[in-house]
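# Structure at a glance
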Amino acid sequence: PPRDAPSEDAPPSEDAPSDDAPPPPDVERSEAVASDAARVEAAPGLERTVSFDEGPLGLTMRRTKQGRVVVHSVASGGRAEALGVVVGDRVERLGDLDVRRGGLDKADWTRVVQHVKAASRPLDIVVKTVSDDALDAAAAAAKVAAVLALKMAALPALLG
């Protein structure tokens with residue numbers, strides 16, 4: 001797709017640094033501190049704010065089928081990795097744009113992408129690491145809800 005056309009699987013390309021791009025200058029000096037912080041901050045269920053200065057974010061995002069924004073990839077050695085962002089982190093807020101409610105459609109996603117591209121720096125992004133257990137529980141709950149909805153829809157025919 002064209003560079004400015006967001007899609008569910010293809011996040012804005014300027015969010016990921018090119019292979020030959022040098023890391024942001026502050027990454028090297030903060031790497032040791034950030035890696036220690038990442039071990040603590042990436043704990044499942046913990047919501048945290050990461051702040052990005054000028055330059056590439058070092059991550060890509062995508063819209064899930066449920067309309068949530070998640071981290072799709074993290075560039076090795078990039079700013080996001082240094083700040084402890086991990087693939088699968090759920091994005092709750094991008095600067096002043098709250099996306100935690102989910103349910104984003106394609107038009108909403110387009111606005112999200114435009115917002116990230118136009119946002120002034122530093123850009124604060126609130127992310128939440130979601131454990132596999134939490135994801136499994138959410139999927140199971142969604143399945144139960146769907147089955148119940150089908151049964152409730154069939155109930156009038158059974159009673160009538």
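Here the structure is a predicted model, which is why all the values come from computation and not from measurement.

Now for the overall build of the protein chain. The secondary structure content of the protein chain amounts to four helices and six strands. Secondary structure of the protein chain in N-to-C order comes out as α-β-β-β-α-β-β-α-β-α. Looking at the 160 residues of the protein chain, the share that counts as buried comes to 31%. Partitioning the contacts of the protein chain with sequence separation of at least 6, the portion at a separation of at least 24 is 67%. As displayed, the protein chain offers around 9500 Å² of accessible surface, 58% of which is attributable to carbon and sulfur atoms.

With that out of the way, let us pick up the pattern of salt bridges. In this structure the tally under the stated criterion is eight salt bridges. Among the ionic pairs, Glu47 bridges to Arg100, the shortest N-O distance being 3.0 Å. With Glu47 in strand β1 (residues 47-52) and Arg100 in the loop between β5 (97-98) and α3 (106-118), the pair connects residues that are 53 residues apart, well separated along the chain. According to the relative accessible area criterion, Glu47 is partly exposed, its value standing at 40%. Residue classification places Arg100 among the partly exposed positions, given a relative accessible area of 30%. A salt bridge links Arg111 to Asp108; the shortest N-O distance between them is 2.3 Å. One end of the pair is Arg111 and the other is Asp108, both in helix α3 and three residues apart, which spans about a single turn. Given the relative accessible area of 13%, Asp108 is considered buried.

Attention now goes to the nonpolar core. By size, the foremost hydrophobic cluster in this structure holds 22 residues, and its most contacted members are Phe52, Leu59, Met61, Val91 and Ile125. Secondary structure elements with two or more residues in this core: β1, β2 (59-63), β3 (69-74), β4 (90-94), α3 and β6 (123-128). The element that contributes the greatest number of residues to this core is α3, accounting for four residues. Sequence-distant contacts of Phe52, defined by excluding residues within four places in its chain, comprise Leu57, Leu59, Arg79, Ala80, Leu83, Arg121, Pro122, Leu123 and Ile125.

Attention shifts here to the pairing of β3. As judged from the five bridges shared by β2 and β3, these two strands associate in the antiparallel manner. Following the sheet pairing, Arg63 is matched in β3 by Val69. Pairing of β3 with β4 involves two bridges; the strand directions are antiparallel. Bridge pairing in β4 links Val69 to Val91.

This next bit is on the environment of Val87. Of note, Val87 is situated in the loop between α2 (79-82) and β4. Taking the C-alpha atoms as reference points, Val87 and Thr60, separated by 27 residues in sequence, lie 9.1 Å from one another. Setting aside residues up to four positions removed in sequence, Val87 forms contacts with Val71, His72, Ser73 and Val74.

Cut-offs used in this document
Residues numbered from 1 in each chain as written. Predicted model: local features only at pLDDT ≥ 70, side-chain atom pairs only at ≥ 80, totals over all residues. Heavy atoms only, no water. Helix = DSSP H or I, 4+ residues; strand = E, 2+ residues; numbered from the N terminus. Buried < 20%, exposed > 50% of the residue type's maximum accessible area, 1.4 Å probe, protein only. Contact = heavy atoms within 4.5 Å. Areas by Shrake-Rupley, 256 points an atom, 1.4 Å probe, with all protein chains shown as cover. Salt bridge = Lys/Arg side-chain N within 4 Å of Asp/Glu carboxyl O. Core = buried A, V, L, I, M, F, W, Y, C linked by side-chain atoms within 4.5 Å. Pairing = 2+ DSSP bridges.

By themselves these figures say nothing about function.
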